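Tertiary structure, described
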Amino acid sequence: MTFSIVTICLNAERYLAEAMDSVLSQDWQDLEYLLVDGGSGDRSGEIIQGFAEQDRRVKYAVEAEPGIARAMNCGLMMAQGDIIAFLHADDRYAGASVLTKVSETFSECPEALWVTGGMKEIDAHGEFLRELPARRFASSRLLRNNIIYHPATFVKRSVMAELGGFDESLRFAMDYDLWLRLSALGHPAQCRDCLADFRVHDGSLSSVERIKTLEEEYLVRQRHTTNSPSRWLHALYQWLRLSLEKERPG
(Lines give C-alpha, C1' and ligand atoms only; values in the text may rest on other atoms or scores of the structure.)
Protein backbone atom coordinates (compact mmCIF):
# COMPACT_ATOMS: atom_id res chain seq x y z
CA MET A 1 0.00 0.00 0.00
CA THR A 2 1.43 3.33 -1.09
CA PHE A 3 0.37 6.67 0.37
CA SER A 4 0.26 10.02 -1.39
CA ILE A 5 0.22 12.85 1.14
CA VAL A 6 -0.59 16.31 -0.21
CA THR A 7 0.20 19.58 1.52
CA ILE A 8 -0.85 22.88 -0.03
CA CYS A 9 0.70 26.07 1.21
CA LEU A 10 0.77 29.82 0.77
CA ASN A 11 3.23 31.81 2.88
CA ALA A 12 3.36 28.95 5.38
CA GLU A 13 6.97 29.19 6.55
CA ARG A 14 6.03 29.36 10.25
CA TYR A 15 4.78 25.76 10.50
CA LEU A 16 5.65 24.13 7.18
CA ALA A 17 8.85 22.37 8.27
CA GLU A 18 7.05 20.80 11.23
CA ALA A 19 4.26 19.51 8.98
CA MET A 20 6.74 18.09 6.48
CA ASP A 21 8.85 16.43 9.15
CA SER A 22 5.75 14.72 10.58
CA VAL A 23 5.10 13.12 7.17
CA LEU A 24 8.63 12.17 6.25
CA SER A 25 9.35 10.67 9.69
CA GLN A 26 6.55 8.10 9.36
CA ASP A 27 7.62 4.52 10.00
CA TRP A 28 5.61 3.54 6.90
CA GLN A 29 8.17 4.32 4.22
CA ASP A 30 6.14 3.58 1.09
CA LEU A 31 4.87 7.11 0.49
CA GLU A 32 5.23 10.13 -1.72
CA TYR A 33 4.90 13.65 -0.38
CA LEU A 34 3.41 16.23 -2.75
CA LEU A 35 3.72 19.94 -2.01
CA VAL A 36 1.62 22.46 -3.93
CA ASP A 37 2.60 26.07 -3.40
CA GLY A 38 0.25 28.90 -4.34
CA GLY A 39 3.07 31.33 -5.11
CA SER A 40 4.40 32.07 -1.64
CA GLY A 41 6.36 35.26 -1.07
CA ASP A 42 8.07 33.98 2.09
CA ARG A 43 10.56 31.14 2.65
CA SER A 44 8.07 28.33 1.95
CA GLY A 45 9.68 27.48 -1.38
CA GLU A 46 13.14 27.35 0.19
CA ILE A 47 11.91 25.07 2.95
CA ILE A 48 10.32 22.68 0.46
CA GLN A 49 13.41 22.69 -1.74
CA GLY A 50 15.60 21.92 1.26
CA PHE A 51 13.52 18.86 2.14
CA ALA A 52 13.38 17.77 -1.53
CA GLU A 53 17.17 17.79 -1.76
CA GLN A 54 17.36 15.43 1.21
CA ASP A 55 14.44 13.13 0.40
CA ARG A 56 13.43 11.96 -3.08
CA ARG A 57 9.89 11.24 -1.89
CA VAL A 58 9.22 14.99 -1.89
CA LYS A 59 7.72 16.44 -5.10
CA TYR A 60 6.94 20.11 -5.60
CA ALA A 61 4.57 22.05 -7.84
CA VAL A 62 3.45 25.68 -8.09
CA GLU A 63 -0.24 26.31 -8.77
CA ALA A 64 -0.83 29.75 -10.25
CA GLU A 65 -4.63 29.54 -10.17
CA PRO A 66 -6.15 30.71 -6.85
CA GLY A 67 -8.20 28.57 -4.52
CA ILE A 68 -7.70 25.82 -1.94
CA ALA A 69 -9.78 23.28 -3.86
CA ARG A 70 -7.80 24.02 -7.03
CA ALA A 71 -4.50 23.44 -5.22
CA MET A 72 -5.70 20.18 -3.64
CA ASN A 73 -6.90 18.94 -7.03
CA CYS A 74 -3.47 19.76 -8.42
CA GLY A 75 -1.99 17.48 -5.76
CA LEU A 76 -4.54 14.81 -6.60
CA MET A 77 -3.52 14.89 -10.26
CA MET A 78 0.13 14.42 -9.25
CA ALA A 79 -0.61 11.52 -6.90
CA GLN A 80 0.40 7.95 -7.76
CA GLY A 81 -0.28 6.20 -4.45
CA ASP A 82 -3.10 3.84 -3.52
CA ILE A 83 -4.29 6.07 -0.66
CA ILE A 84 -4.40 9.85 -0.67
CA ALA A 85 -4.62 12.29 2.23
CA PHE A 86 -4.39 16.05 2.63
CA LEU A 87 -2.41 17.59 5.48
CA HIS A 88 -2.48 21.38 5.69
CA ALA A 89 0.79 23.22 6.18
CA ASP A 90 -0.01 24.31 9.74
CA ASP A 91 -1.08 20.83 10.94
CA ARG A 92 0.97 17.70 11.60
CA TYR A 93 0.56 13.97 12.02
CA ALA A 94 0.20 12.74 15.60
CA GLY A 95 3.27 10.54 15.80
CA ALA A 96 5.36 8.38 13.50
CA SER A 97 2.96 5.42 13.26
CA VAL A 98 -0.07 7.19 11.75
CA LEU A 99 0.22 5.67 8.28
CA THR A 100 0.83 2.22 9.78
CA LYS A 101 -2.39 2.53 11.78
CA VAL A 102 -4.30 3.64 8.69
CA SER A 103 -2.89 0.73 6.66
CA GLU A 104 -3.95 -1.69 9.39
CA THR A 105 -7.46 -0.25 9.38
CA PHE A 106 -7.75 -0.68 5.60
CA SER A 107 -6.48 -4.26 5.96
CA GLU A 108 -9.08 -5.00 8.65
CA CYS A 109 -11.83 -3.47 6.47
CA PRO A 110 -10.80 -4.34 2.90
CA GLU A 111 -14.12 -3.16 1.48
CA ALA A 112 -13.68 0.34 2.92
CA LEU A 113 -13.19 3.19 0.46
CA TRP A 114 -11.97 5.61 3.11
CA VAL A 115 -10.67 5.68 6.67
CA THR A 116 -11.08 8.42 9.23
CA GLY A 117 -9.92 8.86 12.80
CA GLY A 118 -9.72 11.31 15.65
CA MET A 119 -7.46 14.30 16.07
CA LYS A 120 -6.03 16.57 18.73
CA GLU A 121 -6.20 20.34 18.76
CA ILE A 122 -2.95 22.15 19.49
CA ASP A 123 -2.18 25.83 19.88
CA ALA A 124 0.18 28.05 17.90
CA HIS A 125 3.13 26.69 19.91
CA GLY A 126 2.20 23.05 19.45
CA GLU A 127 0.83 22.64 22.97
CA PHE A 128 -2.09 20.25 23.51
CA LEU A 129 -5.54 21.84 23.83
CA ARG A 130 -8.04 18.98 23.62
CA GLU A 131 -8.66 15.57 22.10
CA LEU A 132 -11.40 15.01 19.53
CA PRO A 133 -12.10 11.27 19.10
CA ALA A 134 -13.57 9.97 15.87
CA ARG A 135 -17.32 10.52 15.94
CA ARG A 136 -19.85 7.76 15.44
CA PHE A 137 -20.68 7.84 11.75
CA ALA A 138 -24.11 7.91 10.15
CA SER A 139 -25.09 9.55 6.88
CA SER A 140 -27.88 11.43 8.65
CA ARG A 141 -25.41 12.80 11.22
CA LEU A 142 -23.03 13.90 8.48
CA LEU A 143 -25.84 15.75 6.74
CA ARG A 144 -26.55 17.68 9.95
CA ASN A 145 -22.93 18.53 10.68
CA ASN A 146 -19.43 17.99 9.32
CA ILE A 147 -18.31 15.21 11.68
CA ILE A 148 -15.23 14.21 9.63
CA TYR A 149 -11.80 15.58 10.53
CA HIS A 150 -10.02 16.57 7.32
CA PRO A 151 -6.37 15.94 8.35
CA ALA A 152 -7.32 12.57 9.87
CA THR A 153 -9.03 11.20 6.73
CA PHE A 154 -7.54 8.90 4.08
CA VAL A 155 -9.25 7.96 0.81
CA LYS A 156 -8.53 5.45 -1.94
CA ARG A 157 -7.14 7.45 -4.83
CA SER A 158 -9.25 5.58 -7.37
CA VAL A 159 -12.41 6.76 -5.59
CA MET A 160 -11.16 10.35 -5.42
CA ALA A 161 -10.56 10.24 -9.17
CA GLU A 162 -14.01 8.72 -9.77
CA LEU A 163 -15.64 11.54 -7.80
CA GLY A 164 -13.64 14.20 -9.64
CA GLY A 165 -11.81 15.50 -6.58
CA PHE A 166 -12.84 18.69 -4.82
CA ASP A 167 -15.47 21.10 -6.10
CA GLU A 168 -13.49 24.18 -7.13
CA SER A 169 -16.57 26.42 -6.93
CA LEU A 170 -16.42 26.09 -3.12
CA ARG A 171 -14.07 28.16 -1.01
CA PHE A 172 -14.59 26.82 2.51
CA ALA A 173 -16.69 23.63 2.52
CA MET A 174 -15.05 21.65 -0.27
CA ASP A 175 -14.03 18.89 2.13
CA TYR A 176 -17.54 18.64 3.60
CA ASP A 177 -18.98 18.35 0.09
CA LEU A 178 -16.50 15.55 -0.66
CA TRP A 179 -17.38 13.63 2.53
CA LEU A 180 -21.06 13.74 1.59
CA ARG A 181 -20.30 12.41 -1.89
CA LEU A 182 -18.05 9.70 -0.42
CA SER A 183 -20.69 8.68 2.11
CA ALA A 184 -23.09 7.98 -0.74
CA LEU A 185 -20.67 5.26 -1.88
CA GLY A 186 -19.97 3.80 1.55
CA HIS A 187 -19.33 4.60 5.19
CA PRO A 188 -15.74 5.16 6.32
CA ALA A 189 -13.84 2.63 8.36
CA GLN A 190 -12.93 4.26 11.65
CA CYS A 191 -9.57 4.24 13.38
CA ARG A 192 -9.83 4.71 17.13
CA ASP A 193 -6.56 6.60 17.36
CA CYS A 194 -5.94 10.32 17.00
CA LEU A 195 -4.19 10.59 13.65
CA ALA A 196 -3.49 14.31 13.32
CA ASP A 197 -2.80 17.46 15.30
CA PHE A 198 -4.98 20.34 14.13
CA ARG A 199 -3.41 23.70 14.92
CA VAL A 200 -5.72 26.43 16.23
CA HIS A 201 -4.23 29.88 15.64
CA ASP A 202 -5.33 33.33 14.56
CA GLY A 203 -4.11 32.95 10.99
CA SER A 204 -5.92 29.73 10.11
CA LEU A 205 -8.70 30.08 7.54
CA SER A 206 -11.11 28.00 9.62
CA SER A 207 -10.70 30.41 12.53
CA VAL A 208 -10.85 33.66 10.56
CA GLU A 209 -13.77 32.76 8.28
CA ARG A 210 -16.05 30.72 10.54
CA ILE A 211 -19.27 32.52 9.60
CA LYS A 212 -18.59 32.22 5.87
CA THR A 213 -17.69 28.56 6.34
CA LEU A 214 -20.97 27.92 8.14
CA GLU A 215 -22.93 29.64 5.38
CA GLU A 216 -21.24 27.61 2.67
CA GLU A 217 -21.77 24.37 4.60
CA TYR A 218 -25.47 25.19 4.70
CA LEU A 219 -25.51 25.58 0.91
CA VAL A 220 -23.71 22.25 0.57
CA ARG A 221 -26.34 20.60 2.77
CA GLN A 222 -29.06 21.98 0.51
CA ARG A 223 -27.28 20.50 -2.49
CA HIS A 224 -27.16 17.06 -0.89
CA THR A 225 -30.70 17.03 0.47
CA THR A 226 -33.07 15.21 -1.88
CA ASN A 227 -36.10 17.23 -0.79
CA SER A 228 -36.18 20.89 0.14
CA PRO A 229 -34.39 21.57 3.46
CA SER A 230 -36.57 20.91 6.45
CA ARG A 231 -37.51 23.59 8.95
CA TRP A 232 -35.41 22.06 11.70
CA LEU A 233 -32.31 22.18 9.48
CA HIS A 234 -32.89 25.83 8.71
CA ALA A 235 -33.46 26.55 12.40
CA LEU A 236 -30.24 24.74 13.30
CA TYR A 237 -28.33 26.83 10.79
CA GLN A 238 -29.75 30.07 12.17
CA TRP A 239 -28.97 29.06 15.75
CA LEU A 240 -25.36 28.16 14.93
CA ARG A 241 -24.88 31.36 12.95
CA LEU A 242 -26.15 33.52 15.78
CA SER A 243 -24.03 31.65 18.30
CA LEU A 244 -20.89 32.27 16.28
CA GLU A 245 -21.75 35.93 15.78
CA LYS A 246 -22.04 36.36 19.56
CA GLU A 247 -18.50 34.97 19.92
CA ARG A 248 -17.04 37.55 17.57
CA PRO A 249 -15.14 40.35 19.33
CA GLY A 250 -16.74 43.80 19.43
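Data block above holds the structure.
The present account deals with the structure reproduced in this document. (Residues numbered from 1 in each chain as written. Predicted model: local features only at pLDDT ≥ 70, side-chain atom pairs only at ≥ 80, totals over all residues. Heavy atoms only, no water.)

Next up on the list: the overall build of the protein. From N to C terminus, the protein includes 10 helices and nine strands. Looking at the protein residue by residue over its 250 residues, the buried ones come to 51%. A total of about 12300 Å² of accessible surface is found on the protein, and carbon and sulfur atoms cover 49% of it. (Helix = DSSP H or I, 4+ residues; strand = E, 2+ residues; numbered from the N terminus. Buried < 20%, exposed > 50% of the residue type's maximum accessible area, 1.4 Å probe, protein only. Areas by Shrake-Rupley, 256 points an atom, 1.4 Å probe, with all protein chains shown as cover.)

What follows covers the environment of G50. Relative to the helices and strands, G50 resides in helix α2 (residues 44-54). With relative accessibility at 31%, the residue G50 sits in the partly exposed group.

This next bit is on unusual backbone geometry. Non-glycine residue N11 carries a positive phi angle of around 55°. By secondary structure assignment, the location of N11 is in the loop between β1 (3-9) and α1 (16-24). For N11, a relative accessible area of 45% puts it in the partly exposed group.

A complete count under the given rule lists 15 salt bridges for this structure. Ionic pairing is found between R92 and E18, a salt bridge with its closest N-O pair at 2.3 Å. With a gap of 74 residues between them, R92 in strand β5 (residues 92-93) and E18 in helix α1 connect regions that are remote in the sequence. On the basis of relative accessible area, R92 is assigned to the buried category, the value being 17%. (Salt bridge = Lys/Arg side-chain N within 4 Å of Asp/Glu carboxyl O.)

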